[in-house]
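What follows is each chain in one-letter form.
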Amino acid sequence: MPRNSLTFEVCIDTTAGFTACDGVVDRIELCSALDVGGLTPCPGLIAAAQDIAIPSHVMIRPRAGDFFYDVADQKAMRASIEAVKKAGLAGVVIGASKGDQLDLAALRDLVAAAEGLEVTLHRVIDLVADPLAAMEQAIDLGIHRILTSGGAPRAVDGQATLAAMQTAAKGRIEIMVGSGVSVSNLAELAQNTGITSFHASCSTAIPVAEHLHHFGFAKTQKVTDRDTVLNFRKTLDSLAA
């Protein structure tokens, strides 16, 4: 159960992220490759999530790039959803599009595969022509939550759309704001949008050894920062008081 009216999700892509989030966050979005927006994590990371108390929602995204998925992609996504079910985790994070619209056939298939899990529609919604119409489609599909930046690269620049989505949702679906959300803009986003659910990486960059960069094994490296997680939670708790 959330500790108060403002909920806090952190996206992580390492086992160290579990420790950084312990006892502080309401939900984890479990990914790999956060540097490209998050991909489906490996089986080992999914298995590790079984040992923590925080509900874990697993990113179901088989590759980087666009969100148009062919038959083979969708088969892989269904297999990943089945792995999440077998692991006993709480939910999945999905998205699919065709052009500037949601791919309703693909999403309907994925939602059906995820029966019994919570389902979040990820920021594919920020790429569609009409996010309010897409929100209604997500509601019709039985999706529980939408992660969005209001159609802008950063949430602070999409506040008008975020507020419109929150108003139109009328409690039928949870709107969760993400992308560039930090301690410094939490109060502004909460006040201007009315949204009560927040998503962040709470990460900090660490140096990458030159030889790793040279051989192409790493360009950047970030880790979930415990102090940032704690400050985020403290700020949320003060806003909820």
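Here the structure is shown first, and the text comes after it.
Presented here is a report on the structure given in the accompanying data block.

Here is what the cut-offs are and how they apply
- Residues numbered from 1 in each chain as written.
- Predicted model: local features only at pLDDT ≥ 70, side-chain atom pairs only at ≥ 80, totals over all residues.
- Heavy atoms only, no water.
- Salt bridge = Lys/Arg side-chain N within 4 Å of Asp/Glu carboxyl O.
- Helix = DSSP H or I, 4+ residues; strand = E, 2+ residues; numbered from the N terminus.
- Buried < 20%, exposed > 50% of the residue type's maximum accessible area, 1.4 Å probe, protein only.
- Expected span 1.5 Å × (residues − 1).
- Arc of directions from axis to C-beta.
- Contact = heavy atoms within 4.5 Å.
- Pairing = 2+ DSSP bridges.
- Right-handed = clockwise from strand over helix to strand, strands pointing away.
- Polar contact = N/O pair within 3.5 Å; in protein donor to acceptor, adjacent residues only side chain to side chain.

1. Let's talk about the pattern of salt bridges
Taken as a whole and judged by the stated rule, the model has eleven salt bridges. In this structure, the salt-bridge partner of Arg63 is Asp73, at a minimum N-O distance of 3.5 Å. Linking Arg63 in the loop between strand 3 (56-59) and helix 3 (71-87) with Asp73 in helix 3, this pair joins segments that are ten residues apart in sequence. Assessed through its relative accessible area of 25%, Arg63 is described here as partly exposed. The shortest N-O distance in the salt bridge between Asp237 and Arg233 comes to 3.1 Å. In this pair, Asp237 and Arg233 both sit in helix 9 (residues 226-240), four residues apart, roughly one turn of the helix. Given a relative accessible area of 22%, Asp237 falls into the partly exposed group. Among the ionic contacts, a cluster of salt bridges with common partners joins Glu9, Arg27, Glu118, Arg145 and Glu174.

2. A look at helix 9
Given 3.6 residues per turn, any residue in an α-helix points the same way as the ones three and four places further on. If you check helix 9, its first and last C-alpha atoms are 21 Å apart, about what 15 residues at 1.5 Å a residue would give, namely 21 Å. Among the residues making up helix 9, those that are buried are Val229, Phe232, Arg233, Thr235 and Leu236. Along the long axis of helix 9, the arc covered by the buried residues comes to 160 degrees, so they all point the same way. Projecting away from the buried face of helix 9 at angles above 90 degrees are the exposed residues Asp227 and Lys234. Buried-residue contacts for helix 9 involve strand 1 (7-12), helix 1 (16-21), helix 7 (186-193), strand 10 (197-200) and strand 12 (222-224).

3. Brief notes about the pairing of strand 3
Burial along strand 3 is two-sided: the residues Ser56 and Val58 and His57 and Met59 are all buried. Here strand 2 (residues 27-30) runs beside strand 3; their pairing, made up of three bridges, is parallel. Within the sheet, the bridge partner assigned to Leu30 lies in strand 3 and is Val58. For the handedness criterion, the β-α-β arrangement of strand 2, helix 2 (residues 43-48) and strand 3 is classed as right-handed. Bridge analysis of strand 3 against strand 4 (residues 91-94) gives three bridges, and the strand direction is parallel. What sits directly across from Met59, in strand 4, is Val93. Once you follow strand 3 into helix 3 and on to strand 4, the crossover reads as right-handed.

4. What about helix 3?
With 17 residues, helix 3 should cover 24 Å at 1.5 Å per step; its first-to-last C-alpha distance of 25 Å lies within 8% of that length. For helix 3, the complete set of buried residues consists of Asp73, Gln74, Met77, Ser80, Ile81, Val84 and Ala87. On an axial view of helix 3, the arc spanned by its buried residues comes to 135 degrees, and they lie on one face. Counted as exposed and oriented over 90 degrees from the buried face of helix 3: Val71, Ala72, Lys75 and Lys86. For helix 3, the elements touching its buried residues are helix 2, strand 3, strand 4 and helix 4 (104-113). Between the side-chain oxygen at the start of helix 3 and the backbone nitrogen of Ala72 there is a gap of 3.1 Å, and the oxygen is on Asp70. Just past helix 3, the residue Gly88 takes up positive phi, approximately 75 degrees.

5. A few points about the pairing of strand 1
For a regular strand, side-chain orientation follows a simple rule: the groups alternate between the two sheet faces. Counted residue by residue, strand 1 has six buried out of six residues, so it is predominantly covered. Relative to strand 10, strand 1 runs parallel, the two being bridged by four bridges. Bridge assignment links Phe8 to a residue of strand 10, and that residue is Phe198. Direction of pairing for strand 1 relative to strand 2: parallel, over a ladder of four bridges. Opposite Val10, over in strand 2, you have Ile28 as the bridge partner. Taken together, strand 1, helix 1 and strand 2 form a β-α-β motif whose crossover is right-handed.

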